[in-house]
Amino acid sequence: MSSVSDFDPSRRRLLGLGLAGLGALGAGPLLSACASSAGSGNTPAGGGITLQSNLTGAAKSGLEKLIADFNKLGKGTATLNTVATEIYRTQLPTYLSSANPPDLYTWYSGSVANAYSRKNLLLDVSDVWQGLGDYTPAMRNVSTDETGKQIFVPMNNYWWGFFYRKSNFAKWGVQPPKTWAEFLTLCQTLKSKGIPPIGIGLGDTPWVASAWFDYLNIRVNGAPFHRELLAGKQRFDDPKVKAVFAKWSEVLPYFDPKGKAYPFQEATTALLAGKTGMFLIGTFLADATAKDVVEDLDFFQFPIIDPAVPVAEEAPTDGLFASAKTANPAATKALLTYVASVEAQEAYVANSAGIILPAHPKAKAAETPLVAKGKAMLAGAAELTQFFNRDSSDALQPTADTALTRFIDKPDQIDAILAEWQKNAEKVFKG
């Protein structure tokens, strides 16, 4: 594994289940130190297009295969230019606002894409989406900006859920819950057996707590309110937000007390060793897990709290958007159309060591029962959220880290915590 700094939710790709091909949670284990010879990102001569990418390792191989196949179609000539993730992240605004920008970019949907679209930097690809009728409404929604036009084409995503070992649940005589009441009963049962029911890994990875806030908010108040809150259109000291923490307080006694001291990687180890019962985490927990242990993993959906609230799921989605200033919009849209196809996504999966979940609902992945279950859960969701910082910003994430870890320590101070969170959030929104 790379350093803790690599475990950054803002650049997390799917590190799916059963293989450990990508190492750290960023774009891959071997970040390219510099750009290729096309390092400026300028559009190649002859009407070609450039795809600027931060994907490395196995993911880069998959993308290279996709580009090679597209170039054989005669609809344009694409060149792949790979840049180290941290360089890419800081340079992305410069790329997009330059006079002669790269045509396309690997990145993710959510607030970042919307922010660029708000500045008129992204190509409107609504006409591409007219041919993507197989995609779910939820996937279309995460690819749509606030004006209603599509500005993103998804390639892959992954899911979050409560992961557990099937053999341990069988040994303990418990079943996965579906409702919040059943979840509380499960926690009580495990605790009575001397097992800390819920793993958590906050040491050096405090962002893990944001998954709890995200899920509780979308279960209690719904995804639209959640997005508005993270966009600064609602307040963190609103009674609706306080209600989220009231629900969270019901399960705080069941958290592993040791989980505040170590990062999520060690929380994963504790789960696999049977030292905790379950863990709310993304599928990347299995990246460095032995295959025989992965086969013993299962997950259940975050329990339903209010049946009247449309079900949303956390499904960080990665893909491509394009520059509004592309010199060759026809070829750019042709590549985006190809990227969205079953053929392209299956080839990408096959050449990426088969460890990612394709965005196209008809594209086949390495569908173990676990992957098939995750795919079905996302397909059945009314809406998809991304993750706290993807639906807000990297700048807002530290305010969540501070507020949520403080709440876990001192839940009786919730009013002061939310007031301080609102104050800190306002500083971020005001820039």
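Residues numbered from 1 in each chain as written. Predicted model: local features only at pLDDT ≥ 70, side-chain atom pairs only at ≥ 80, totals over all residues. Heavy atoms only, no water.

Observations regarding the overall build of the protein chain
Then step 1. In terms of helices and strands, the protein chain carries 18 helices and 12 strands.
Then step 2. At a minimum sequence separation of 6, the contacts of the protein chain that also span at least 24 residues come to 77%.
Then step 3. For the protein chain, the accessible area works out to roughly 16,100 Å², and carbon and sulfur atoms hold 54% of it. (Helix = DSSP H or I, 4+ residues; strand = E, 2+ residues; numbered from the N terminus. Contact = heavy atoms within 4.5 Å. Areas by Shrake-Rupley, 256 points an atom, 1.4 Å probe, with all protein chains shown as cover.)

As for the nonpolar core
Then step 1. Ranked by internal contacts, the top residues of the largest apolar core, which has 116 residues, are W212, F213, F245 and W248.
Then step 2. With 8 residues, helix α8 (residues 208-220) is the largest single contributor of residues to this core.
Then step 3. Residues in contact with F245, not counting those within four places in the same chain, are F213, L404, F407, I414, L418 and W421.
Then step 4. Among the nonpolar cores identified, the runner-up in size contains 15 residues, and Y108, Y116, L122 and I151 belong to it. (Core = buried A, V, L, I, M, F, W, Y, C linked by side-chain atoms within 4.5 Å. Buried < 20%, exposed > 50% of the residue type's maximum accessible area, 1.4 Å probe, protein only.)

So, the sheet that holds strand β5 (residues 160-165)
In a beta sheet, neighbouring strands are held together by backbone hydrogen bonds and run either parallel or antiparallel to one another.
Then step 1. Pairing within the open sheet is mixed, and its 4 strands lie in the order β6-β7-β5-β8. Looking at which strands have only one partner, the edges of the open sheet turn out to be β6 (198-199) and β8 (297-300).
Then step 2. Pairing of β5 with strand β7 (residues 278-282) involves 4 bridges; the strand directions are antiparallel. If you follow F162 over to β7, its bridge partner there is L280. (Pairing = 2+ DSSP bridges.)

So, the pairing of strand β4 (residues 153-157)
Then step 1. Most of β4 sits out of view: 5 of its 5 residues are buried.
Then step 2. Where β4 meets strand β10 (residues 317-322), 4 bridges bridge the pair, whose relative direction is antiparallel. By the bridge assignment for β10, N157 is matched with T317.
Then step 3. As defined by bridge partners, β4 adjoins strand β11 (residues 357-358) across 2 bridges and the pair is classed as antiparallel. In the sheet register, N157 faces β11, and the bridge partner there is L357.

Let's talk about the pattern of salt bridges
Then step 1. Inspection of the entire model under this criterion finds 16 salt bridges.
Then step 2. Linking D127 and K333 is a salt bridge whose minimum nitrogen-to-oxygen distance equals 2.9 Å. Taken together, the residues span a long stretch of sequence, with D127 in helix α4 (residues 126-129) and K333 in helix α13 (residues 329-339) at a distance of 206 residues.
Then step 3. Salt bridges sharing common partners tie together R235, D237 and E426. (Salt bridge = Lys/Arg side-chain N within 4 Å of Asp/Glu carboxyl O.)

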